[in-house]
Number of protein chains: 2
Amino acid sequence: MTTRSTELLRVVHRSPGVTRADAARLLGVGTGAATELVTKLSRAELLIQGPAAPSGARGRPTTVLLPHPDGPLVLAVAITHETWRVEAVQLGGTCAAEVEGRHAGAAWPQVRSAVRGAIGELRRQYGPRLRATGVSVPGTVSRDLRLDAVGAGWHDVDLTTLCPDTDVFVAGNDATLAATAESRRGAATDASVALHLRIESGLGGAVVEDGRPVIGARGAAGEFGHMPFGDPAVRCPCGARGCWGIAVDGQALARLLDEPAPLDSFSYARRVLASAARSAEPELSAVRTVAATLGRGIAGLVNGLDADLVTLGGLGADLLAAVPAEIGAAYRDGLMSIHRESPPPIVPAALGDHGPIAGAAEEAWSALLPRLA
Amino acid sequence: MTTRSTELLRVVHRSPGVTRADAARLLGVGTGAATELVTKLSRAELLIQGPAAPSGARGRPTTVLLPHPDGPLVLAVAITHETWRVEAVQLGGTCAAEVEGRHAGAAWPQVRSAVRGAIGELRRQYGPRLRATGVSVPGTVSRDLRLDAVGAGWHDVDLTTLCPDTDVFVAGNDATLAATAESRRGAATDASVALHLRIESGLGGAVVEDGRPVIGARGAAGEFGHMPFGDPAVRCPCGARGCWGIAVDGQALARLLDEPAPLDSFSYARRVLASAARSAEPELSAVRTVAATLGRGIAGLVNGLDADLVTLGGLGADLLAAVPAEIGAAYRDGLMSIHRESPPPIVPAALGDHGPIAGAAEEAWSALLPRLA
DNA sequence: ACAATAAGCTCTGAGCAAGAGCAAAAGAAG
DNA sequence: CTTCTTTTGCTCTTGCTCAGAGCTTATTGT
């Protein structure tokens, strides 16, 4: 209905447990309007007022605003190359229920059935409280919600068939959604422009400006793995050459170690990192080479995009933990001098593997909020 | 005051001469609300209704909405390394008056005096009708409106002293503003995500998503010239290595031709292009090499940012006119396969050298509009 | 001249928002 | 314990905006 109601819900969603008085100040409304808003939203079963937190200060104690226990929920779905997971998430980001399973690289119809089964289960439990759906997938999602996931062999798949019952449906790339989540509830909440990079099978990511991810024309922004920061002689399966992504993943480590290309690139890379942690050669050298390539590329992106924080997820977080000095040195060496004084920090992602599904829930809530109030 | 008034002004600004009925449809309001809005904004001397355009169709003729001839104006200021220019721009983007001059690389205080003099001149002419100021400068502008222009030797300059009299003041990098202008009134009006690149002294640019430029944390986004798409052996004055920007400008041509570094890189490059146009060697080879580097880098940016249109300004437009095939071939070769089917077009910027000041006027108007209605 | 069509004008009622004034609940001071 | 101060919440009034219905105006087509 009204703008103010949506804004209030957004404030409560961002920081559940905010005091009523603080929320009014954030919205810039008087106590009168706050009363009206809170009353209306309580009657609509969207909010409840909790007991006051004893502040110790003078004055009439205020109450805290919390999501209503019987309020609306969003379905958050995360599909990876191996697994799927469905959560029912309430206002404020708390997960109320979850179902998960493995599909181990099955064809899309099988995955869809499994996910729809799980959604059906949650629907029996929660019924019409489920109001929106957000889906995270490992591939590019066009603006009309069609998925292309090259690695999984899913092509031109209509994602809306996953859940035809909610009238709000959003979907996005897993790395993009993880970036959104990091900037709203993770390590990048204070950054005005955050760059999130996630190395898993390939390198993806996103720039998030003021909580809004830069999504690209076809939803394919953030494919930083296919910027030519690498060796121009190496041809990437994507069709281009010199792609950065294939110079910093498990395949790159295998090439450097003269080993055959591993099937599961991610766990192979973790094994190499474990060897390197014991200072084993030639693993340590290979890891250092990859780390330097990673740091140099991050510097290029920071130069071009002017992020003030970089978060690393997936294998990137492992690399950062293993060889921070190598990454840092190559990073600083690649920065423009205007960024050298205070280089934007590189930190591990706070949400880890939960990032993509958390981002899906965030986007679903963002789309749902204007329709509630 | 109200949201709707601002929206109507924004519609008229975007397309001056829009019919009143179309504007109402765009805003999604009925004819009643339209009457009220137009009446109010006419009384406030913001709009006038012009004579109907004879449509030929049946029905009562409508009127067109035009900026009021005595309405508010914004000051648009463009400062380059050599020149300055001040325009008074009315709603809709038409320039009402202009003053310009050369400073030929003077220190900042001299440039500031010259610009302030010109602004004073316009102020005597237009008085309080000047309501906002937008400034384009060749360097990075921090969020607190301080300028660092390495090339010109202007460091940590407070731009707000240029015009302390208007209460709306915005400033930005020239390439970023040119990108904004291209996406609002230039070659990229239909693109949802446009990438604008401008080669002048160095390579700058911006991504514009739905008319909003991605500005970066410190206002330094768009320094794509300092992404490491070039030869890692070449050290850039910026401090990093392998910078793309110094591989596609006049300096790069001079290196390839074994000539000394030119003072005015831009006009030198144009001379080389003129020779190449007569198929003179070795100029043609050098131009082709630079064009290939340009095309390959553009492909990398399109991969990573998923733009659906690329506009080239400055020397980039000249290169595109001179050797489109070389740029196109390297571009397509560097694209990911998902972009190959319909590669985002590369087109010359429509606004040319007028881009930066037009962008400054756009940003000033965008900031002013919510305060008017 | 009359019908058809498109657009503008006026009036009314609903809903939202801002502000003033008052009431309530706590700590601080005597 | 009483009274004052501070902060917050509640209620009521007022003004504004907006949507919709019904009517008027201006043009084209027959």
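Residue numbering note: each chain is counted from 1, following its sequence as written. Following the order in which they are written, the chains are lettered starting with A and the ligands numbered starting with 1. Where local features are concerned, this predicted model is filtered to residues with pLDDT of at least 70; where side-chain atom pairs are given and counted, the filter is 80 or more; whole-chain, interface and lining totals use all residues. Neither water nor hydrogens contribute to the side-chain values; these are computed over all heavy atoms in the structure.

- An unreviewed UniProt entry annotates chain A as Xylose repressor originating from Actinoplanes siamensis.
- UniProt positions are given in the numbering used here, feature names are shortened, and annotations may be inferred rather than shown by experiment. Checking UniProt for chain A, the heading Sequence similarities (unreviewed entry) contains the comment "Belongs to the ROK (NagC/XylR) family."

## Considerations on unusual backbone geometry
All names here are of chain B.
No. 1: Notably, E45 is not glycine yet its phi reads approximately 60 degrees, a positive angle.
No. 2: A run of DSSP states H or I qualifies as a helix once it reaches four residues; a run of E qualifies as a strand once it reaches two. Both are numbered from the N-terminal end. Relative to the helices and strands, E45 resides in the loop between α3 (31–43) and β1 (47–50).
No. 3: Note on classification: 1.4 Å probe, protein chains only; a residue is buried when its accessible area is under 20% of the maximum for its type, exposed when over 50%, partly exposed between these limits. The class for E45 is partly exposed, based on a relative accessible area of 40%.

## Some points on the interface of chain A and chain B
No. 1: Listed by partner, the interface residues are 47 residues for chain A and 46 residues for chain B.
No. 2: Counting each side, the surface lost to burial between chain A and chain B is near 3,600 Å², with a carbon and sulfur contribution of 51%.
No. 3: The buried area of a pairing is the accessible area, by a 1.4 Å probe, that goes missing from both parts when the two are put together, added over both. Considering only the side of chain A, the residues that lose the most area to chain B are R218, P228 and D306 of chain A, jointly responsible for 16% of the buried surface there.
No. 4: The salt bridge criterion pairs a side-chain nitrogen of Lys or Arg with a carboxyl oxygen of Asp or Glu, the two atoms within 4 Å. Here chain A is connected to chain B by 4 salt bridges.
No. 5: D333 of chain A is the partner of R235 of chain B in a salt bridge, and the nearest nitrogen-oxygen pair spans 3.5 Å.
No. 6: Definition of a polar contact: a pair of N or O atoms within 3.5 Å, with one able to donate and the other able to accept a hydrogen when the atoms are protein atoms, and with sequence-neighbouring residues admitted only if both atoms are side-chain atoms. In this assembly, chain A and chain B are joined by 20 residue pairs in polar contact (both at pLDDT 80 or more). Any two residues whose heavy atoms approach within 4.5 Å are treated as being in contact.

## Quick notes on the protein's contact with DNA strand C
No. 1: We call a residue near a given molecule or strand whenever any one of its heavy atoms falls within 4 Å of it. Around DNA strand C, a shell composed of 17 residues is seen, among which R58 of chain A together with R20, T31, R60 and T62 of chain B lie nearest.
No. 2: When the atoms of DNA strand C within 4 Å of the protein are grouped by moiety, sugar and phosphate amount to 71% of the total.
No. 3: Within the side chain of T35 of chain B, a nitrogen or oxygen atom sits 3.1 Å from a phosphate oxygen of DNA strand C.
No. 4: Backbone polar atom of R60 of chain B to a base nitrogen of DNA strand C: 2.9 Å apart, as the coordinates give it.
No. 5: Every element with two or more residues in the surface near DNA strand C is listed here: α2 (20–27) and α3 of chain B.
No. 6: Class assignment of the residues belonging to the surface near DNA strand C gives a composition of 3 nonpolar, 7 polar and 7 charged. As a working rule, the residues Ala, Val, Leu, Ile, Met, Phe, Trp, Tyr, Cys and Pro are called nonpolar, Asp, Glu, Lys and Arg charged, and the rest polar, with Gly in that last group.

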